[in-house]
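# An overview of the molecular structure
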Amino acid sequence: MSRNYVGIDLNEEGLMCSALRKGQPEVHLAGMHQESLHAALVFSSRERNVVDPRRFVEALRRGVDLLAGREQRLALSLPDRIGRIFVTEIQTTFKSHDEGVDVLKWHLKDDLSAPPSELRLDYQLLTRREGGQRRYVVATARKEILEQYEQLVEEAGRHAVTIGFHSLLFCNYYKKRMDAGDEFLLVGLEEQNLSLQYFSGGVLAYQRVRGGSQTAETAFSELNRTMADASRQFPGMQRCPVFVHLDSSQRVAFQEMLPVLFEREVTLLDPHFERFQGGRNTGGIVLDGALVASLAAAESLM
């Protein structure tokens, strides 16, 4: 029997779960499920996030048991605010992944939010430059935060085999489905999240994420300030194509302001959930950024 690949996005509303199954020729959307967890989660980069572990485990069991069947593996998408993401360059060559972790902790020591011994760090090589310079995307979070999530997933009878940040998974979903060229901006305007990612030479060069409720005024101010600051280092940001995801709740307020903000036409992205076989049956679930991230998490297991 085909296995189900389960991805879960944790957000202000609770859990967004989705399951994919390999098919011929399309990937099949095996199901979606939402669980509300108001007051059970408090997202923080300083301390454990789950303040009501029993509710969390019960919600996880309900959601995953509906979708996973006997499959024990799952992938988690966590809010960016619980850790940090860096895009950094370094000339050192690593002999092993573990050595890379140690070197990057030392390289970023002045920017880390906690002592290196209290953090978990992972990284991915983005590109190599002439002269040996290498660009990495680096993700960090406190060990105690990640360990709590892992332990509670185990208590629910599953294993979190991959854990990623929402913005990077969100980006992965769209980037593999876009024909955007080598240089572009990817902007996510979600109800509880704002992200801007600049790609140069086809790889990530700059990222900024802001969590919390997004009004048109706060988002315009944040994006305007980000573009003014970052474009000094990356002048291409001022002229490259702009691709934007808008949650359904944001479209009326944001759609007209975007060409004014970026001083050019923007392309609004459609996640095209119907590309997945079975993707037209939403069951009343709002098809927005949380579902995008949960599907990208599920795809990371395939």
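Structural data are supplied above this passage.
Residues numbered from 1 in each chain as written. Predicted model: local features only at pLDDT ≥ 70, side-chain atom pairs only at ≥ 80, totals over all residues. Heavy atoms only, no water.

This part is about the side chain of Asp247. When you line up the elements, Asp247 lands in the loop between strand 12 (242-246) and helix 6 (251-254). Setting aside its immediate chain neighbours within four residues, Asp247 contacts Leu189, Glu190, Glu191, Asp288 and Gly289. (Helix = DSSP H or I, 4+ residues; strand = E, 2+ residues; numbered from the N terminus. Contact = heavy atoms within 4.5 Å.)

Judged by nonpolar contacts, the single largest core of 63 residues is most densely connected at Ile8, Leu15, Phe56 and Tyr149. Listed in part, the 24 residues of the second largest apolar core include Val187, Leu189, Leu261 and Val266. (Core = buried A, V, L, I, M, F, W, Y, C linked by side-chain atoms within 4.5 Å. Buried < 20%, exposed > 50% of the residue type's maximum accessible area, 1.4 Å probe, protein only.)

Per the stated rule, a full pass over the model turns up eleven aromatic pairs. Their ring planes at 55° and their centres at 6.1 Å tell us that Phe56 and Tyr149 sit as a pair that is tilted. With Phe56 in helix 1 (residues 53-68) and Tyr149 in helix 3 (residues 143-155), this residue pair connects regions lying 93 residues apart in the sequence. Like Tyr149, Phe56 is buried. Relative to Tyr174, the ring of Phe170 lies with its centre 5.4 Å away and its plane at 70°, an arrangement referred to as edge-to-face. (Phe/Tyr/Trp six-rings, centres within 6.5 Å; stacked < 30°, edge-to-face > 60°.)

The next subject is helix 3. With 13 residues, helix 3 extends 18 Å from end C-alpha to end C-alpha; this agrees with the ideal 18 Å at 1.5 Å per step. Among all positions in helix 3, only Ile145, Leu146, Gln148, Tyr149, Leu152 and Val153 are buried. Summarising the axial view, the buried residues of helix 3 lie within an arc of 155°, below the 170-degree limit, and thus occupy one face. Packed against the buried residues of helix 3 are strand 1 (4-11), helix 1, strand 4 (73-78), strand 6 (119-128), strand 7 (134-142) and strand 8 (159-165). The first or second residue beyond helix 3 is Gly157, which carries a positive phi of 90°. (Expected span 1.5 Å × (residues − 1). Arc of directions from axis to C-beta.)

It is worth spelling out unusual backbone geometry at this point. Located in the positive-phi region is Ala39, a residue other than glycine, with phi close to 75°. Within the secondary structure, Ala39 is located in the loop between strand 3 (28-36) and helix 1. Accessibility expressed as a relative area gives 66% for Ala39, which makes it exposed. The phi dihedral of Glu263 falls on the positive side, at around 55°, and the residue is not glycine.

Strands sit in the order 5-7-6 across an open sheet of three strands; the sheet is antiparallel. Each of the sheet's edge strands pairs with one partner strand only, and the pair in question is strand 5 (83-90) and strand 6. Mean inter-strand twist for the sheet, computed between neighbouring axes without regard to direction, equals 20°. Along the sheet, helix 2 (residues 97-107) contacts strand 5, strand 6 and strand 7; its crossing angle with strand 6, the most-contacted strand, is approximately 100°. Packing against the sheet, helix 3 makes contact with strand 6 and strand 7, and its axis sits at approximately 70° to strand 7. (Pairing = 2+ DSSP bridges. Axes fitted to C-alpha atoms, helices over the stretch in contact; angles between N-to-C directions.)

Another aspect to go through is the packing of helix 4 (residues 166-175) against helix 8 (residues 289-299). Here helix 4 crosses helix 8 at 80°, and the two axes come no closer than 8 Å. One element, helix 4, and the other, helix 8, form an angle in the roughly perpendicular class. Counted together, His166, Leu169, Phe170, Tyr173 and Tyr174 of helix 4 and Gly289, Ala290, Val292, Ala293, Leu295, Ala296, Ala297 and Glu299 of helix 8 form the full contact between these two elements. Partitioning the contact of helix 4 with helix 8 into residue classes produces ten nonpolar, two polar and one charged. (Parallel < 35°, antiparallel > 145°, perpendicular 65-115°, else oblique. Nonpolar A, V, L, I, M, F, W, Y, C, P; charged D, E, K, R; others polar.)

All right, on to the pattern of salt bridges then. Counting across every chain of the model gives 15 salt bridges. Glu58 is paired through a salt bridge with Arg54; the nearest N and O atoms lie 3.0 Å apart. Within this pair, Glu58 and its partner Arg54 are both found in helix 1, separated by four residues, close to a single helical turn. Overall, Glu58 belongs to the partly exposed group, its relative accessible area being 32%. (Salt bridge = Lys/Arg side-chain N within 4 Å of Asp/Glu carboxyl O.)

Bringing the state of the cysteines into the picture now. Evaluated as defined, the whole model comprises zero disulfides. As a non-bridged cysteine, Cys171 has Cys240 as the owner of its nearest cysteine sulfur, 13 Å distant. (Disulfide = S-S within 2.5 Å.)

Its place among the elements puts Gly14 in strand 2 (residues 14-21). On the accessibility criterion, Gly14 (1% relative accessible area) is buried.

As a further point, take the sheet that holds strand 4. Here we have five strands laid out as an open sheet, ordered 3-2-1-4-8, and mixed in their pairing. The open sheet is flanked by strand 3 and strand 8, the only strands paired with a single partner. The average undirected angle you get between the axes of adjacent strands in this sheet is 20°. Examined bridge by bridge, strand 2 and strand 3 share eight bridges and lie antiparallel to one another. Each bridged residue has a counterpart across the sheet, and for Met16 the counterpart in strand 3 is Gln34. Running at roughly 160° to strand 3, helix 1 makes contact with strand 1, strand 2, strand 3 and strand 4 of the sheet.

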